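So you can see what is in the structure, the chains are spelled out below.
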Amino acid sequence: MSLSRLLSGLFADSEPSTESPATTQNSGEREESTTVVHECRNCGTNVSEETTCCPACESDDIVRYSI
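Presented here is an overview of the structure given in this document. Since we're looking at a predicted model, the values are computed, not measured.

### Details of the pairing of strand β1 (residues 36-40)
Link 1 in the chain: With four of five residues buried, β1 lies mostly within the body of the structure.
Link 2 in the chain: With five bridges connecting them, β1 and strand β3 (residues 62-66) associate as antiparallel partners. Residue C40 lies in a different strand from β3, and its bridge partner there is I62.
Link 3 in the chain: Pairing analysis gives two bridges linking β1 to strand β2 (residues 46-47), with the strands arranged antiparallel. What sits directly across from E39, in β2, is N46.
Link 4 in the chain: Counting the residues between successive antiparallel strands, the hairpin from β1 to β2 contains five residues, one of them, G44, with a positive phi of roughly 85°.

The structure is reproduced here in structure tokens:
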């Protein structure tokens, strides 16, 4: 699954909002949530953090995206 498909799936069910996450919190403290995706740059396969070679296409070009 490519990163664009993953992001599309995550946001497909959400309703549009005009408020940013920082303005919707009541406490004033900003809590950040980060998702890290490891993906083969050649074919788009999601892999684990420890993966050095893509199991689908055998490329060693693995990238890390913080979302």
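### What about the side chain of S59?
Link 1 in the chain: Within the secondary structure layout, S59 lies in the loop between β2 and β3.
Link 2 in the chain: A distance of 3.2 Å separates the side chain of S59 from the backbone nitrogen of D61, its partner in a polar contact.
Link 3 in the chain: Ignoring sequence-local partners within four residues, the contact set of S59 consists of C40, N42, T52, C53 and C54.

What counts, and where the lines are drawn
- Residues numbered from 1 in each chain as written.
- Predicted model: local features only at pLDDT ≥ 70, side-chain atom pairs only at ≥ 80, totals over all residues.
- Heavy atoms only, no water.
- Buried < 20%, exposed > 50% of the residue type's maximum accessible area, 1.4 Å probe, protein only.
- Helix = DSSP H or I, 4+ residues; strand = E, 2+ residues; numbered from the N terminus.
- Pairing = 2+ DSSP bridges.
- Polar contact = N/O pair within 3.5 Å; in protein donor to acceptor, adjacent residues only side chain to side chain.
- Contact = heavy atoms within 4.5 Å.

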